[in-house]
Protein chains: 4
Amino acid sequence: MAGSSFGSVFRIATWGESHGGGLGVVVDGCPAGMSLCEDDIQIFLDRRKPGQSEFTTARKEGDKARILSGVFEGKTEGTPIAIVVENTDQRSKDYSNIAKLYRPGHADYTFDEKYGFRDYRGGGRSSGRETIGRVAAGAVAAKFLKGLGINATAYAKAIGPYTVPDEKVDIRYAAENPLCLADPETYEKASVYARELAAAGNSAGGIIECVIDGMRPGIGEPVFDKLDAELAKAIMSIGAVKGFEIGDGFKAASSTGLENNDPFRMVDGNIVKSSNHSGGILGGISDGSQIIFRAAVKPTPSISSPQLTVDKDRQETDITIHGRHDPLVVPRAVVVVEAMAALTVTDLLMRNMTARYDKIKNFYI
Amino acid sequence: MAGSSFGSVFRIATWGESHGGGLGVVVDGCPAGMSLCEDDIQIFLDRRKPGQSEFTTARKEGDKARILSGVFEGKTEGTPIAIVVENTDQRSKDYSNIAKLYRPGHADYTFDEKYGFRDYRGGGRSSGRETIGRVAAGAVAAKFLKGLGINATAYAKAIGPYTVPDEKVDIRYAAENPLCLADPETYEKASVYARELAAAGNSAGGIIECVIDGMRPGIGEPVFDKLDAELAKAIMSIGAVKGFEIGDGFKAASSTGLENNDPFRMVDGNIVKSSNHSGGILGGISDGSQIIFRAAVKPTPSISSPQLTVDKDRQETDITIHGRHDPLVVPRAVVVVEAMAALTVTDLLMRNMTARYDKIKNFYI
Amino acid sequence: MAGSSFGSVFRIATWGESHGGGLGVVVDGCPAGMSLCEDDIQIFLDRRKPGQSEFTTARKEGDKARILSGVFEGKTEGTPIAIVVENTDQRSKDYSNIAKLYRPGHADYTFDEKYGFRDYRGGGRSSGRETIGRVAAGAVAAKFLKGLGINATAYAKAIGPYTVPDEKVDIRYAAENPLCLADPETYEKASVYARELAAAGNSAGGIIECVIDGMRPGIGEPVFDKLDAELAKAIMSIGAVKGFEIGDGFKAASSTGLENNDPFRMVDGNIVKSSNHSGGILGGISDGSQIIFRAAVKPTPSISSPQLTVDKDRQETDITIHGRHDPLVVPRAVVVVEAMAALTVTDLLMRNMTARYDKIKNFYI
Amino acid sequence: MAGSSFGSVFRIATWGESHGGGLGVVVDGCPAGMSLCEDDIQIFLDRRKPGQSEFTTARKEGDKARILSGVFEGKTEGTPIAIVVENTDQRSKDYSNIAKLYRPGHADYTFDEKYGFRDYRGGGRSSGRETIGRVAAGAVAAKFLKGLGINATAYAKAIGPYTVPDEKVDIRYAAENPLCLADPETYEKASVYARELAAAGNSAGGIIECVIDGMRPGIGEPVFDKLDAELAKAIMSIGAVKGFEIGDGFKAASSTGLENNDPFRMVDGNIVKSSNHSGGILGGISDGSQIIFRAAVKPTPSISSPQLTVDKDRQETDITIHGRHDPLVVPRAVVVVEAMAALTVTDLLMRNMTARYDKIKNFYI
């Protein structure tokens, strides 16, 4: 139960350290007969690549995805899809000075406590590069969902203290600026803020929002494996995420039942809610509205300012982290959020297929 | 994959509808040789009982737990522990008027979409009574943890807009007032607020905070099954919860790396953090500090004010919910949060036992 | 991972000791809308009841099944189905003399080694009564399969050295004689044999054969979760089973490719095999032929003849087992084999629903 | 739940088709701090290589294993171990003539029924090459077990009708002859037999026996996940295996309780059984004796003699299979049986670590 697997019917197993031979993922449970090629994966991977703006590390990661199994003549075979990205730009020497030090805000100390030792080169398994497997698998899930008319889109809702007002969210704009912020005005302020922090050897956090369109009602399991519970786990499992909320989230705590309940209405013969405080989920099951959730991302812990810490020999010392690091993890985490959302929804859509006996009989008879 | 199971090594399966024959849980994976009796369970169940104050429903639920298996001569046997609570106070008639209506904020509509029909009596499986199985199993997990010196304690941090300031949290006081609020001053205001809302046929939400003391470092799996990710799923799977955050949570999003990183220091020969913005978890693995997280609870959807809705025949109508309902779900949810926290930590403690080869060899040789 | 769960999509968790409060099962994953009542369960349970002939123990076990959840107005709800059988005929005193002794052929010693102690009353969790949960759940699975035209039927193929020749198998006769043997001539010899062994304080084994009719091709997963591999696990998990084979089984080892390969032919527009050495499975996936497998059942270990053994204090001694025991476990195990077969096939049928993308799209669009 | 994963705590996911980019495995759950290098894997892989004698296909498969993750400075890190073997000798043209034909005894037809189409080149996922992932992971498990003094050894017990008598089993000899037969006399006859069948365009089956030494008592879970049940699934999931038995297996069915029960005795202060009809497992839990089981392997279905069959367009036809095939699968399957045994035992050893509360407390306190 070492936990590098995610999902139950659409199940992935990721692997890889930042400075080992490579990283990748095995997708077990993708149905047969779906079109898939390496470009489908690469488009997603390119979105998490560093070095694309002043706000992310200047490291160059080639990150070319190869599909080694599970696809034949352009279609998935129903067998496991193995995707491999070999590590190329590995400058191990950059990290030699911190091999024994516990970087504050990082998993160095906890890895040592758990495993007795760790791969100190670039964070090893706890590096941001770990998300390569998630994103590659998420690309497969996104392709799956697209065929069903379902789409997950994430963007930055806030950078540091600068938040996009709900009514100004412009998803198209988010795709065009290096911070992935969903509003030009907020972008102006946030980019100055981020630049100043970076120059001062400091870093910033932010909030990522994600919407899922095209969901039919009925998806999610009613008790432990609620759609929102599974999304929470999926998103909170991303490195720097410290909070998750669905719909009105924490704001709902100070609301009242009369305000927070979404009335049902009939529109064009369909049952719809006239508001969406619930964020598209009731009782853990999708209600047919847009699903909307947010993730709180902490500031990058790798900063060049000196910090107090201890080393493996239990000596107090200080640490200055050199090397190439993102002053902001939010822009590169946006596609990771989308990937995890797609993986979660795909799995629960498949799980839902056995919910009704009449539908199973239709399927087989 | 119907999702009424939770945990992987310490695994529970809950069952039961609010108006069926009963509710219960099977705990599979509790180790042999642990003292356990029905009182251990009952103490927890009694804390989630309704009818204990003006702020919770006047329904009387006997909720007597019986242990039917897995315990022999006062000790667990290592075999599944089946705990059953029979339903006694079932007034099905109260619900007959809403059999066809979709209550706003409830899972009526989504259950119908998923399963084709539903048990309309008192919410069936989506009733708050579903938590009986969680709490009974959580009592077993809490007993397990206690033997290791680990303890989870939850309390209300906020009711509606009234929030207990961090520096005023008084856990002992929380155990003594009917709102489980951790501060007498906040209690005064919040109780007036809750009383007024209830009188107006409305309801309130709030925030539950939970601390876990006694954790050793190294617990949690580093990728998908991070301790905070598993806690997030556990807590978000509780009926009315809409948000989850660990440590500084959403506040971390507007912080900076310098502020948010917790420095490591040596104290009495131990590695400790001089602050705890992380909430006791780094890279998904416990760091030895206190674990602290919060859950946002939405206002009870069952309110007596009239609301707009539709029925199963797709006719627009309105609905007035009679019957006995909590104007506030927070006080009764506190023990559910504790239970889910205990279940999560127990499972991850067990999973961690295979992390190191030298320790496995010590175990067997 | 304590292992009292079986299945992945159609998942059961059994519980209970022979002399605890009761035994039962939670079925999680049964689809909504299937007719189900307590009689469906009872019919199966009655077939495993003791005291029905001279060949099984004279113990009287009432074994009345109650459904406590998951069924509403005669139909399954899609929520967990909890089935409970309370223990009534418990004469603990019968077992007091063997509390410290390790019965040869039983799990007394291995339980003590694993758990540090054990419920010595009647075998506890390793008692034959453990199968009550399996059979109750198997009855639900059999109902599920019946609606799809699939049926599993088991019978005794051999008792001790007396084997029913393949060409003489008479399933109807098997349902009518106390040994469940599928041939009257073999029954005559076997019943004399069994009677003599019982009189001599000894016991007999046998072979159970099971056929599954109505399978469509395509069921089973191609690598680890092959239909025959899952059946093997299911059947080998039954207490006294020491061997499993599918189709020609061990005979295939001494056959040749030319003899053993089943030619494909067209019959009435359908692809059929003109022989069935494979037993209805190719590459782990059903091929549309009848599935046929066999289980080897060891002789009942509880015999009244004196035997050499040791006790918990590591003293050599001898043991004479009194009490009421089956001289033959085969007749009562027949329904357990059917139950396990039904559970396995149901689970794999459900799992197969996500094998093709076009069918998933048809399902949802 | 596509089924390319095996194990629960020590969990592997295999992938790869015979003519895709490669094959491999991800091992998730190997503890940290164990020595491991590519040679450990290669030694196992080399034993399943073809082209090593007249009795196996003349195909040359390079099959060089690369470890891409999970090992740092010669030790496992506790993170997933990805092992990749690239496909090199791929002559797709050999298979073009059978792209539409259903080979008798193969999974061509069942794959088409399940997935709608299949990779017809060399069997795709149902090829014998699928075992590469199993064997590579099995090498890791064998290394794990070796450190605990546990060893699994398999050999051919029979080829066609020629069986090694129990008292003549010579494990050392089995490692030296191309049929892996455990007795020189049986080898003489069996090699003539196999040679004649191959010359006649036919093929042979056989029986593989496996012994596991060094097991301590207490391993295995008592109900569904019995050690013998898990071994049965593991072994029956290997391509050509049609039967499994533990200890006396099918012979136990015609034995009596008095003969079959193994008496317990004290030897040198240890509890031992004076015979081992049980095969080292009682009630699904290891009893400290040698574990011994057998697998029945069917004759290779790929034979060059002409056979009747049908094609994808449902036309009757005949088929002659050219290309390079093993006239005997047994010799190459021996290491696969060892690998699956090692994987099963490793997983259950890990699962057993949470069986007792006192041992968990010792571990943590």
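Above: the structure in question.
Along each chain, numbering runs from 1 in the same order as the chain's sequence is written. All chains are assigned letters beginning at A, and all ligands numbers beginning at 1, according to the order in which they are written. Given that this is a predicted model, residues contribute local features only at a pLDDT of at least 70 and side-chain atom pairs are listed and counted only at 80 or more, while totals for whole chains, interfaces and linings are drawn from all residues. Computation of side-chain values covers all heavy atoms of the structure but excludes hydrogens and water.

### Re the sheet that holds strand S7 (residues 81-86) of chain C
All names here are of chain C. What makes two strands pair is DSSP finding at least two bridges between them. Only runs of H or I of at least four residues qualify as helices and only runs of E of at least two qualify as strands under DSSP, and these elements are numbered from the N terminus. Reading across from one edge, S1-S2-S3-S7-S4 is the order of the 5 strands in this open sheet, with antiparallel pairing throughout. With one partner strand each, in any of the chains shown, strand S1 (5-6) and strand S4 (65-67) form the two edges of the open sheet. As paired elements, strand S3 (residues 22-28) and S7 share 6 bridges and run antiparallel to each other. Counted as the bridge partner of Val25 is Ile83 from S7. In what follows, residue pairs with any heavy atoms lying within 4.5 Å of each other are defined as contacts. For every element, the axis is a line fit to its C-alpha atoms; helices are fit only across the contacting stretch, and the angle between N-to-C directions ranges from 0 to 180 degrees. Helix-sheet contacts for helix H1 (residues 38-48) involve S4 and S7, and the interaxial angle to S4 is about 155 degrees.

### Brief notes about the packing of helix H1 (residues 38-48) of chain B against helix H8 (residues 330-351) of chain B
Contact geometry of H1(B) with H8(B) gives a least axis separation of 7 Å together with a crossing angle of 145 degrees. For the pair H1(B) and H8(B), the contacting residues are B:Phe44, B:Arg47 and B:Arg48 in the first and B:Arg332, B:Val334, B:Val335 and B:Glu338 in the second.

### Considerations on the nonpolar core
Remark: nonpolar core denotes a set of buried residues (Ala, Val, Leu, Ile, Met, Phe, Trp, Tyr, Cys) joined through side-chain atoms within 4.5 Å. Remark: exposure states derive from per-residue accessible area (1.4 Å probe, protein chains only) relative to the maximum for the residue type, with buried under 20%, exposed over 50%, and partly exposed in between. Core analysis: the largest hydrophobic core is formed by 360 residues, its most contacted members being A:Phe293, B:Phe293, C:Phe293 and D:Phe293. If we skip the residues at most four places from it in the chain, D:Phe293 touches D:Ile208, D:Glu209, D:Cys210, D:Ile212, D:Leu231, D:Ile235, D:Phe244, D:Glu245, D:Ile246, D:Val337 and D:Ala341.

### Focus: the interface of chain C and chain B
Across the contact, 42 residues belong to chain C and 42 residues belong to chain B. Salt bridge, as used here, is a side-chain nitrogen of Lys or Arg placed within 4 Å of a carboxyl oxygen of Asp or Glu. Linking chain C with chain B are 2 salt bridges. In this structure, C:Arg66 engages B:Glu86 in a salt bridge whose closest nitrogen and oxygen atoms are separated by 3.3 Å. Polar contacts here mean pairs of N or O atoms no more than 3.5 Å apart (in protein, one a potential hydrogen donor and the other a potential acceptor; neighbouring residues in sequence count only if both atoms are side-chain atoms). The interface formed by chain C and chain B contains 14 residue pairs in polar contact (both at pLDDT 80 or more). Only strand S2 (11-16), S3, strand S6 (75-76) and S7 of chain C provide two or more residues apiece to the side of chain C that touches chain B. With 4 residues, S2(C) is the single largest residue contributor to the side of chain C that touches chain B. Asp, Glu, Lys and Arg are counted as charged, while Ala, Val, Leu, Ile, Met, Phe, Trp, Tyr, Cys and Pro are counted as nonpolar; the rest, among them Gly, fall into the polar class. A class-by-class count of the residues in the side of chain C that touches chain B yields 14 nonpolar, 16 polar and 12 charged.

### Some details on the relation of the copies chain C and chain B
Two copies of the chain are present, and they differ by a rotation about an axis and a shift along that axis. Copies are brought into register by a least-squares superposition over C-alpha atoms of residues with pLDDT of at least 70 in both. By a simple turn and slide, chain C fits onto chain B: the slide is 0.0 Å along the axis, the RMSD is 0.0 Å, and the turn is 180 degrees. The two molecules are tied by a two-fold rotation axis, judged by turn and shift. Interface overlap between copies is the fraction of interface residues in one copy that are interface residues in the other; for chain C against chain B it reaches 100%, indicating a shared surface.

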